[in-house]
Amino acid sequence: MKNKLGIIAIFLLGLQGVLILLSWIASAAFPEWHVSSLLSEEGIRWFFRTFTGNLETDILMWILLFLMAYGALKRSGLLGLVRQLCFGGGKISMLSYRQRMGLRTVFFELFIFIVVSLLLTMFPQAILLSVTGELFPSSFSDSVLPSISFAFILIAFSYGFIAGAFRTLNDAYAALSVGLLPFVRFFPIYLLIVELINSVIYIFQF
C-alpha cells in the first residue's frame, strides 16, 4: 500500500507539472482560448496566495468529522456490537446489563436527534430552512453531515461510558483520534488532488 501511495503521489505531481506546462503553451499559442497560464506572474501569485485556502474545503472538514465519529464508534464497542447483532447472529438477550442499557440510551438519543431534526426542518417556517422555505440548499443541508457526525460521536460516548469501554474522559478523547490515524497517510494524496483540481479551475476560469 505504501508503494502504491507513493506511485499515486508521483503520478499526481506529474499531472500537475504537465498541466502547468500545457497552460503556458496554450496561453501563448492560442490567446483566443482565454486560458490562464500558471507560469505567468498572475498564475504564480495565485498559486502562493490560494494554496492554503484551497485545502480549507468543506469536504476536508466532513472527512475529519466522519473519521472522528467512526473512531469513537469503533473504540466504544458500539460499532462491533451493531455488526454482531445485524450480521453475526447475536441476540440482545445475550448482552450484558450494561450493554443493554447502553443500547437503550443510544436508541433514545437517536430518537431525540431525529425528532429535533424534523422539528427544525419540516414546518413551513422551520429555522433551518432557507429564506425561500427550501430544504436544499439551506442551513440544514449545509450542516447535515456535521450534525450526523456529532450525533454519532455523542451516542458513541454515551454507550462507551455506560458499557464500560470508556472509564475516563481521556479514553473518550483518545477514541476521537482512532479514526483519524488511517487518514494521515492519505493526506498528501488529498493535498495533491485538491491542488490539481483548483489549478484546472484557475486555468479555464470555471
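Peer 1: Got a sec to walk through the overall build of the protein chain? Specific residues and values, please.
Peer 2: Scanning the protein chain from terminus to terminus reveals nine helices and zero strands. Along the protein chain, helices (α) and strands (β) appear in the sequence α-α-α-α-α-α-α-α-α when read from the amino end. On C-alpha atoms alone, the protein chain measures out to a radius of gyration of 24 Å, which is more than a quarter above the 17 Å that the 2.2 N^0.38 rule sets for 206 residues. With the C-alpha coordinates of the protein chain rotated into their principal frame, the extents come out at 75 × 50 × 30 Å. Of the accessible surface of the protein chain, which amounts to about 13,500 Å², a share of 72% is contributed by carbon and sulfur atoms. Each charge class in the protein chain can be summarised by its mean position, and for the 13 positive and 10 negative side chains these summaries are 25 Å apart.

Peer 1: Tell me about the environment of Val 200, and name the residues and values.
Peer 2: Residue placement: Val 200 occurs in helix α9 (residues 187-204). In this structure Val 200 comes out as partly exposed when scored by relative accessible area, which is 27%.

Peer 1: Give me the lowdown on the side chain of Ser 36, citing residues and values where you can.
Peer 2: Note that Ser 36 resides in the loop between α1 (2-29) and α2 (41-55). Looking at Ser 36, its side chain comes within polar contact range of the side chain of Gln 205, at 3.0 Å. Those residues in contact with Ser 36 that lie beyond four places of it in its chain are Ser 23, Tyr 202, Ile 203 and Gln 205.

Peer 1: A description of the side chain of Asn 54 should follow, citing residues and the corresponding values.
Peer 2: The topology assignment puts Asn 54 in helix α2. A polar side-chain atom of Asn 54 sits 3.4 Å from a polar atom in the side chain of Glu 195. Other than its neighbours up to four places away in sequence, Asn 54 contacts Trp 46, Val 194, Glu 195 and Asn 198.

Peer 1: Just give me the short version of the packing of aromatic side chains, but keep the residues and values in it.
Peer 2: Applying the stated criterion across every chain, the model contains eight aromatic pairs. Between Phe 47 and Phe 48, the ring centres sit 5.8 Å apart and the planes meet at 85°, which makes this aromatic pair edge-to-face. On the basis of relative accessibility, which here comes to 31%, the residue Phe 47 falls in the partly exposed class. Looking at Phe 48, the relative accessible area reads 65%, which means it is exposed. Seen in terms of ring centroids, Phe 183 and Phe 187 are 6.2 Å apart; in terms of plane orientation they differ by 75°. Their pairing is edge-to-face. According to the relative accessible area criterion, Phe 183 is buried, its value standing at 14%. The partly exposed category is assigned to Phe 187, whose relative accessible area is 31%.

Peer 1: An account of unusual backbone geometry is needed here, citing residue identities and associated values.
Peer 2: The general pattern is negative phi for most residues beyond glycine and trans for most peptide bonds. Note that the residue after Phe 136, namely Pro 137, is joined by a cis bond; omega there is -5°. Along the chain, the position of Pro 137 falls in the loop between α5 (97-119) and α6 (139-163).

So, how was this worked out
- Residues numbered from 1 in each chain as written.
- Predicted model: local features only at pLDDT ≥ 70, side-chain atom pairs only at ≥ 80, totals over all residues.
- Heavy atoms only, no water.
- Helix = DSSP H or I, 4+ residues; strand = E, 2+ residues; numbered from the N terminus.
- Rg over C-alpha atoms; globule rule 2.2 N^0.38 Å.
- Areas by Shrake-Rupley, 256 points an atom, 1.4 Å probe, with all protein chains shown as cover.
- Lys, Arg positive; Asp, Glu negative; His and termini not counted.
- Charge placed at Lys NZ, Arg CZ, Asp CG, Glu CD.
- Buried < 20%, exposed > 50% of the residue type's maximum accessible area, 1.4 Å probe, protein only.
- Polar contact = N/O pair within 3.5 Å; in protein donor to acceptor, adjacent residues only side chain to side chain.
- Contact = heavy atoms within 4.5 Å.
- Phe/Tyr/Trp six-rings, centres within 6.5 Å; stacked < 30°, edge-to-face > 60°.

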